[in-house]
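An overview of the molecular structure
Residue-level listing of the chains:
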Amino acid sequence: MTSVFKGRSFLAEKDFTKEELQYLIDFSQHLKGMKANNQPHRYLDGKNIALLFEKNSTRTRAAFTVAAVDLGAHPEFLGANDIQLGTKESVEDTAKVFGRMFDGIEFRGFSQQVVEDLANYSGVPVWNGLTDEWHPTQMIADFLTIQENFGELTGLTIAYCGDGRNNVANSLLVTSAILGVNIHVVTPKALQPEATIIAQAQAYAKESGAKILVTDDVDQGVLGADVVYTDVWVSMGEEEKFQERIEQLLPYQVNQSLMKKTQNDQVIFMHCLPAFHDDQTTYGKKAAQAYGISEMEVTDEVFRSKYARQFDQAENRLHSIKAIMAVTAGDLFIPKV
Ligand code: CP
Ligand code: NVA
C-alpha cells in the first residue's frame with residue numbers, strides 16, 4: 001500500500017485535494033504541539049535538504065532551516081550567487097545533480113516553470129518556497145493560523161485588500177476556494193487576478209461551497225469579513241513600480257477605518273510579512289521621502305493592534321513547512337486522508 005504524500009512535490013495548491021490540504025494543516029498543528037512538549041519528531045533523520053534561493057527571504061529560509069534540523073535532516077543553503085542554476089548550467093542538469101545528492105529541494109525564485117522543472121528532473125520532492133505565481137507553503141501556515149483563531153475554517157470569510165495579482169493573492173484565492181472559505185479580493189480593476197485564476201478558483205468553489213467576490217469596492221469587499229489580509233504593494237522583482245502602486249492602492253490601505261468597516265468585533269488582521277507599516281526600513285524611508293507616506297499596505301496602528309496575527313503566521317511557517325517536508329520526504333505511513 002502506498003502512502004498518500006510520499007515522494008510528492010509541493011508546487012502549487014491545485015495539486016492537492018481539500019482533504020490533503022486539511023491534513024497538512026492539522027499535521028502542522030500536531031507538530032507544533034510536539035515541539036512545544038519537547039517530543040522528538042526526527043522524521044527525516046540523516047537526510048539532506050537543498051535550499052535554493054534566487055530571491056531574498058527571512059521567514060521561509062529560517063523555517064526550512066529550523067524545520068529540517070528539528071526533523072533530523074541537514075539543510076544546505078544555496079543562494080543565487082553560489083550555484084550555476086540557469087546561468088552556466090541548465091535547470092534540468094542542476095536538478096539531475098541535486099536529485100542524486102539531496103532527499104528534497106526547496107526553491108524560491110521568479111519562475112514557476114523552474115520549480116516545476118526541478119521537480120520533473122530531480123526525482124525527489126521539491127517544495128515551492130515562493131514564485132511570481134504562487135506561495136503555497138505560506139497557505140498552510142495561514143490557514144493553520146485561521147483555524148487556531150476560529151476553531152474551524154468552513155464558512156469563514158477572508159477579505160484580501162491590496163495587490164490582487166501577486167503570488168499571495170493568487171494562492172489565497174485558490175486555497176480558500178478549495179477549502180470552502182469565502183474569499184473577497186478587494187483591489188482596483190487594474191490589479192484584479194488573472195481571469196484564468198479566477199476561473200480556476202470558481203471551479204473549486206462550486207465543489208466546496210466557498211463564495212468568491214472580486215471587487216474594487218472596499219465597503220462591499222470587507223463587510224462581514226472574519227479575516228482582513230494584506231501583502232506588500234510591490235513584490236520582489238517589481239521594485240520600479242512603487243509610485244504607480246501607491247497611487248493605485250492607497251484607498252485599499254488596511255487602517256482602523258477599514259477594519260471597522262468589517263462590522264465584525266472578532267475580525268483578525270493577517271500579513272505574510274515583510275510589511276511596510278512604518279519608515280524604519282530603507283524602502284520605508286525612501287517611500288517617506290519620495291511620496292510623503294510613512295505607511296503603505298497597513299498602518300502601524302493596525303499592525304500593533306489587538307487584531308494582529310502576523311507573528312503567529314510567521315511562527316506557523318515553521319510548523320507547516322515541517323509538516324510538508326515530513327510527509328513528502330519522510331517515511332510516515334499515511335494510507336489515506
Ligand atoms: N512570508 C514570507 O515568505 O517571508 P520571507 O519572504 O521572509 O520568506
Ligand atoms: N508578494 C510578496 C510576498 C513576500 C512573502 C513578494 O513576492 O515579494
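None of the values given here were measured: they were computed from a predicted structure.

As a matter of local geometry, ligand 1 sits amid S57, T58, R59, T60, R108, H135, Q138, C272, L273 and R317. Interatomic distance of 2.9 Å between a side-chain N/O atom of Q138 and a nitrogen atom of ligand 1. The contact in question runs from an oxygen atom of ligand 1 to an N or O atom on the side chain of R317, over 3.1 Å. Here ligand 1 loses 96% of its free accessible area of 250 Å² to cover by the protein chains. Looking at side-chain class alone, the shell around ligand 1 contains two nonpolar, five polar and three charged residues.

Strand order across the open sheet formed by four strands is β2-β1-β3-β4, with parallel pairing between neighbours. The open sheet has two edge strands, β2 (74–79) and β4 (126–128), and neither has a second partner. For this sheet the average axis-to-axis angle between neighbouring strands, irrespective of direction, equals 20 degrees. Relative to β4, helix α4 (residues 112–122) is tilted by about 170 degrees, and along the sheet it contacts β1 (48–53), β3 (104–108) and β4.

Turning our attention to the nonpolar core. Inside soluble globular proteins, nonpolar side chains tend to come together where they are buried. Residues F143, I158, L172, Y229 and M325 are the most contacted members of the largest nonpolar core, which totals 63 residues. Setting aside chain neighbours within four positions, we find I158 in contact with F143, I146, L172, S176, V181, N182, I183, H184, V227 and Y229.

A pair of packed helices can be characterised by two numbers: the angle between their axes and the separation between those axes. Look at helix α5 (residues 136–150) against helix α13 (residues 310–329): their axes get within 8 Å of each other, and the N-to-C directions meet at 120 degrees. Considering their axes alone, α5 and α13 lie oblique with respect to each other. Between α5 and α13 the crossing geometry is right-handed. In this structure, α5 contributes T137, Q138, I140, A141, D142, L144, T145 and E148 to the contact, and α13 contributes D312, Q313, N316, R317, S320, I321 and I324. When grouped by side-chain class, the residues that make up the contact of α5 with α13 number five nonpolar, six polar and four charged.

Turning our eyes to something else, we now look at the environment of E207. Following the sequence through the fold, E207 ends up in helix α7 (residues 195–208). Considered as a pair, E207 and I293 are 86 residues apart in the sequence and their alpha carbons are 43 Å apart.

What follows concerns the packing of aromatic side chains. What the rule picks out here adds up to 13 aromatic pairs. Taking the centre distance of 6.4 Å and the plane angle of 45 degrees together, the rings of F27 and Y43 count as tilted. Of the two residues, F27 sits in helix α1 (residues 18–36) while Y43 sits in the loop between α1 and β1, which places them 16 residues apart along the sequence. Note on F27: relative accessible area 9%, which makes it buried. Plain terms: the ring middles of F242 and Y283 are 5.5 Å apart, the flat faces sit at 35 degrees to each other, and that makes the pair tilted. Within this pair, whereas F242 is found in helix α9 (residues 242–249), its partner Y283 is found in helix α11 (residues 282–291), the two being separated by 41 residues in sequence. In textbook terms, an aromatic cluster arises when at least three aromatic residues are bridged by ring pairs, as seen for F5, F10, F16, Y23, F27 and Y43. Between R61 and the ring centre of F77, over which it is positioned, the NZ or CZ distance is 3.4 Å.

Within the secondary structure, N264 is located in the loop between α10 (256–260) and β9 (268–271). Residue class for N264 comes out buried when judged on its relative accessible area of 17%. A distance of 3.0 Å separates the side chain of N264 from the backbone oxygen of A225, its partner in a polar contact. If sequence neighbours within four positions are ignored, N264 has contacts with G224, A225 and D226.

Feature annotation in UniProt places "binding site: L-ornithine" (unreviewed entry) on N167, D231, S235 and M236, given in this structure's numbering. Over a stretch of 70 residues, the named residues converge on one spot in the fold, their C-alpha atoms separated by at most 11.6 Å. With a relative accessible area of 6%, N167 lands in the buried category. Leaving out residues up to four positions away in the same chain, N167 has contacts with L130, T131, D132, E133, W134, H135, D231 and S235. With respect to the element layout, S235 can be found in the loop between β8 (227–230) and α9. We classify S235 as buried; its relative accessible area is 11%. Setting aside anything within four residues of it in sequence, one finds S235 in contact with N166 and N167.

Looking at ligand 2, the residues that line it are L130, N166, N167, D231, V232, S235, M236 and L273. Within the contact set of ligand 2, a nitrogen atom lies 2.8 Å away from a side-chain nitrogen or oxygen of S235. Relative to its free-state accessible area of 270 Å², ligand 2 is covered by the protein chains to the extent of 95%. Grouping the amino acids of the shell around ligand 2 by side-chain chemistry returns four nonpolar, three polar and one charged.

Criteria and thresholds
Residues numbered from 1 in each chain as written. Chains lettered and ligands numbered in written order. Predicted model: local features only at pLDDT ≥ 70, side-chain atom pairs only at ≥ 80, totals over all residues. Heavy atoms only, no water. Near = heavy atom within 4 Å. Polar contact = N/O pair within 3.5 Å; in protein donor to acceptor, adjacent residues only side chain to side chain. Areas by Shrake-Rupley, 256 points an atom, 1.4 Å probe, with all protein chains shown as cover. Nonpolar A, V, L, I, M, F, W, Y, C, P; charged D, E, K, R; others polar. Pairing = 2+ DSSP bridges. Helix = DSSP H or I, 4+ residues; strand = E, 2+ residues; numbered from the N terminus. Axes fitted to C-alpha atoms, helices over the stretch in contact; angles between N-to-C directions. Contact = heavy atoms within 4.5 Å. Core = buried A, V, L, I, M, F, W, Y, C linked by side-chain atoms within 4.5 Å. Buried < 20%, exposed > 50% of the residue type's maximum accessible area, 1.4 Å probe, protein only. Parallel < 35°, antiparallel > 145°, perpendicular 65-115°, else oblique. Left-handed = near helix turned anticlockwise from the far one by under 90°. Phe/Tyr/Trp six-rings, centres within 6.5 Å; stacked < 30°, edge-to-face > 60°. Lys NZ or Arg CZ within 6 Å of the ring centre and 35° of its normal. UniProt positions renumbered as here; feature names shortened; annotations may be inferred.

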